[in-house]
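Observations on chain architecture
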Amino acid sequence: MYINDDNYNTVELQNYITDSVEQGRMSAINALHILFSTIANSGDWVGQEIIPDDFYKELKQYGTVFRKVMQSKKMQIEFINKIQEFCYDNINFLKTFQKIVYMLYNVNVVEEDAIVDWYKHGHITKGQTEFCSQMEKFVHWLENAEEEDESEEEEEEEEDDE
């Protein structure tokens, strides 16, 4: 049974990975990296110049597994770095980095604070210029969305006080 098989049981995989991490057979970050690499290297997109939307759908399908293993903001930054390294080492994924991180953000695998921290000072040097450039607009949007949320909350509190 392949990871890209429609009949693949994500709950079974999630249990296997979390048991392996809890029992010390592998670290959580290695489990995340192995799962990501397996998905990226096992679909119909392998060897294609342009990564199709099916890859992102497949990755999204395993969001619950990634979330279950993800334990902290530090781990989220490490995971983003593993994805950065993977995209750098696999030329056909070079231009997909931002879209991968955005999709993982949308399914609550990585949080905005981790993405912003990665961008500002947590990234690795492999492909740093390329990947930071890809992420610039998204990080700017995250920072502004956060500021807008805070100002909206302050306005609501002021209205409640009146």
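The structure reproduced in this document is the subject of the present report.

What counts and what doesn't
Residues numbered from 1 in each chain as written. Predicted model: local features only at pLDDT ≥ 70, side-chain atom pairs only at ≥ 80, totals over all residues. Heavy atoms only, no water. Helix = DSSP H or I, 4+ residues; strand = E, 2+ residues; numbered from the N terminus. Buried < 20%, exposed > 50% of the residue type's maximum accessible area, 1.4 Å probe, protein only. Contact = heavy atoms within 4.5 Å. Areas by Shrake-Rupley, 256 points an atom, 1.4 Å probe, with all protein chains shown as cover. Arc of directions from axis to C-beta. Axes fitted to C-alpha atoms, helices over the stretch in contact; angles between N-to-C directions. Parallel < 35°, antiparallel > 145°, perpendicular 65-115°, else oblique. Left-handed = near helix turned anticlockwise from the far one by under 90°. Nonpolar A, V, L, I, M, F, W, Y, C, P; charged D, E, K, R; others polar. Salt bridge = Lys/Arg side-chain N within 4 Å of Asp/Glu carboxyl O. Expected span 1.5 Å × (residues − 1). Phe/Tyr/Trp six-rings, centres within 6.5 Å; stacked < 30°, edge-to-face > 60°.

1. Concerning the overall build of the chain
Within the chain, the regular secondary structure consists of 8 helices and 0 strands. Out of the 162 residues in the chain, the part that is buried amounts to 41%. Across the chain, every contact between residues at least 6 apart in sequence was considered, and the portion connecting residues at least 24 apart equals 68%. Looking at the chain as shown, the accessible area adds up to about 9,700 Å², and 43% of this sits on carbon and sulfur atoms.

2. Thoughts on helix 3 (residues 53-61)
Listed in full, the buried residues belonging to helix 3 are Phe55, Tyr56, Glu58 and Leu59. In an axial view of helix 3, the angular spread of the buried residues amounts to 160 degrees, which keeps them on one side of the axis. On its buried face, helix 3 sits against helix 2 (28-40), helix 4 (63-69) and helix 6 (97-106).

3. Some points on unusual backbone geometry
At Asn108, a residue that is not glycine, the phi angle is positive and equals roughly 60 degrees. With respect to the helices and strands, Asn108 occurs in the loop between helix 6 and helix 7 (112-122). A relative accessible area of 58% places Asn108 in the exposed class.

4. Here we look at the packing of helix 2 against helix 3
Contact geometry for helix 2 and helix 3: axes closest at 10 Å, N-to-C directions at 150 degrees. Accordingly, the angle class assigned to the pair helix 2 and helix 3 is roughly antiparallel. The handedness of the crossing between helix 2 and helix 3 is right-handed. Contacts between helix 2 and helix 3 pair Phe36, Ile39 and Ala40 from the former with Phe55, Glu58 and Leu59 from the latter. Of the residues assigned to the contact of helix 2 with helix 3, the class counts are 5 nonpolar, no polar and 1 charged.

5. A word on the pattern of salt bridges
This model, assessed by the stated rule, comprises 6 salt bridges. For the salt bridge of Lys126 with Glu85, the shortest nitrogen-to-oxygen distance reads 3.6 Å. Pair noted here: Lys126 is in the loop between helix 7 and helix 8 (128-161) and Glu85 is in helix 5 (residues 73-89), with a separation of 41 residues, a long-range link. Residue Lys95 is joined to Glu130 by a salt bridge in which the shortest nitrogen-to-oxygen separation is 3.3 Å. Separated by 35 residues along the polypeptide, Lys95 in the loop between helix 5 and helix 6 and Glu130 in helix 8 bring together distant segments of the chain. A relative accessible area of 25% places Glu130 in the partly exposed class. A single network of salt bridges, built from pairs that share partners, joins Glu85, Asp89 and Lys126.

6. Some points on helix 2
For helix 2, which comprises 13 residues, the first-to-last C-alpha distance of 18 Å matches the rise-based estimate of 18 Å (1.5 Å per residue) to within 8%. Those residues of helix 2 that are buried are in contact with helix 1 (10-22), helix 3, helix 4, helix 5 and helix 6.

7. Here we look at the packing of aromatic side chains
In this structure the tally under the stated criterion is 14 aromatic pairs. Look at Phe36 and Phe79: their rings are 6.3 Å apart centre to centre, the planes differ by 85 degrees, and that puts the pair in the edge-to-face class. In this pair, Phe36 is assigned in helix 2 and Phe79 in helix 5, connecting sequence segments 43 residues apart. Both residues of the pair, Phe36 and Phe79, count as buried.

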